[in-house]
Amino acid sequence: SVMRTLDFDARGNALDQISETSVYDAAIGRLVLTSSNEIKNRDYSNNGDAARQTITSYQVEYEKDENGDFVVGADGMYVYLEDVLVNHQVMANRVYDSQHNILNQNILTYSDVEQTDLLEVQEIRSSGYTTTGVARQQIILSFSDAAKTELLDAQLVENVEIKASGDVTKSIITRYGDISEGLNTSGAILASNLSSEIDRQTITTNEFDVMGNALDQTIIREYWGREKDENGNDKGEEMFLFAETQR
């Protein structure tokens, strides 16, 4: 990825940035631009932390011939067609720690830049950051409406094993269907505020590439329920039960 800063404020804080991601394509032996993000940072604190951000994400499309193959131009690169909007996010970064890590964040995700079609609202709480900027725990509440009355789900993400490079070798993601009644979702949110377990994933990654992408990964999926007796009736207490393993 390449980050370009287009504008700074008087204190040197980045205001407008563009992040571009390219992937090596063996067919043409070149790096091919696949996506870009337009980032706007506003309302900086005296510590240099942006309280407000917008990120507009695009996917880069290239021309194809009648067979569905990419068209290669005279310069040896694929012929650019258009940038397709993926989503537009508005972020309120309410609380940072002393190392500029975000602890309390609200994200509104829209399908359009005009912010008329709201897709999702997220409240994210992060804690236990390592020196590489990886949070050991995250709580993510997802809602379908701006008033945050319709909970989609709640996730507890626990990064159990983190390498010095910042690569997470083991993480556990538990999904819940309910939260504490009357919870102030703009304030502190704790794991104890989550209830009605749905499922759990334990992700173990043994190998990464130089970009930090997982090359060798195992995912164990479990669901919340009761075991069955020989007649198919529920027995025992509710617990996480094995569903499948994916590699």
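This one's a predicted model, so the numbers in the text were calculated from it and none came from an experiment.

A closer look at the pattern of salt bridges
So, step 1. On inspection of all chains with the given rule, the structure shows 13 salt bridges.
So, step 2. With a closest N to O distance of 3.4 Å, arginine 4 and glutamate 20 form a salt bridge. Taken together, the positions of arginine 4 in strand 1 (residues 2-8) and glutamate 20 in strand 2 (residues 14-25) put the pair 16 residues apart, joining distant regions of the chain.
So, step 3. Here glutamate 20 falls in the partly exposed class, since its relative accessible area comes to 24%.
So, step 4. Aspartate 216 serves as the salt-bridge partner of arginine 247, at 3.0 Å between the closest nitrogen and oxygen. A residue pair is termed long-range when its members are at least 10 positions apart, and arginine 247 in the segment after strand 13 (234-246) and aspartate 216 in strand 12 (residues 214-228) qualify at 31 residues.
So, step 5. The exposure class assigned to aspartate 216 is partly exposed, which follows from its relative accessible area of 24%.
So, step 6. One continuous salt-bridge network, built from bridges that share partners, spans Arg94, Glu123, Arg125 and Lys148.

Description of the pairing of strand 11 (residues 194-208)
So, step 1. Alignment of strand 10 (residues 168-179) against strand 11, held across 9 bridges, turns out to be antiparallel. Of the residues in strand 11, the one forming a bridge with isoleucine 179 is leucine 194.
So, step 2. Bridge count between strand 11 and strand 12: 9 bridges; the pairing is antiparallel. Paired with threonine 202 across the strands is isoleucine 220, a residue of strand 12.

The rules behind these values
Residues numbered from 1 in each chain as written. Predicted model: local features only at pLDDT ≥ 70, side-chain atom pairs only at ≥ 80, totals over all residues. Heavy atoms only, no water. Salt bridge = Lys/Arg side-chain N within 4 Å of Asp/Glu carboxyl O. Helix = DSSP H or I, 4+ residues; strand = E, 2+ residues; numbered from the N terminus. Buried < 20%, exposed > 50% of the residue type's maximum accessible area, 1.4 Å probe, protein only. Pairing = 2+ DSSP bridges.

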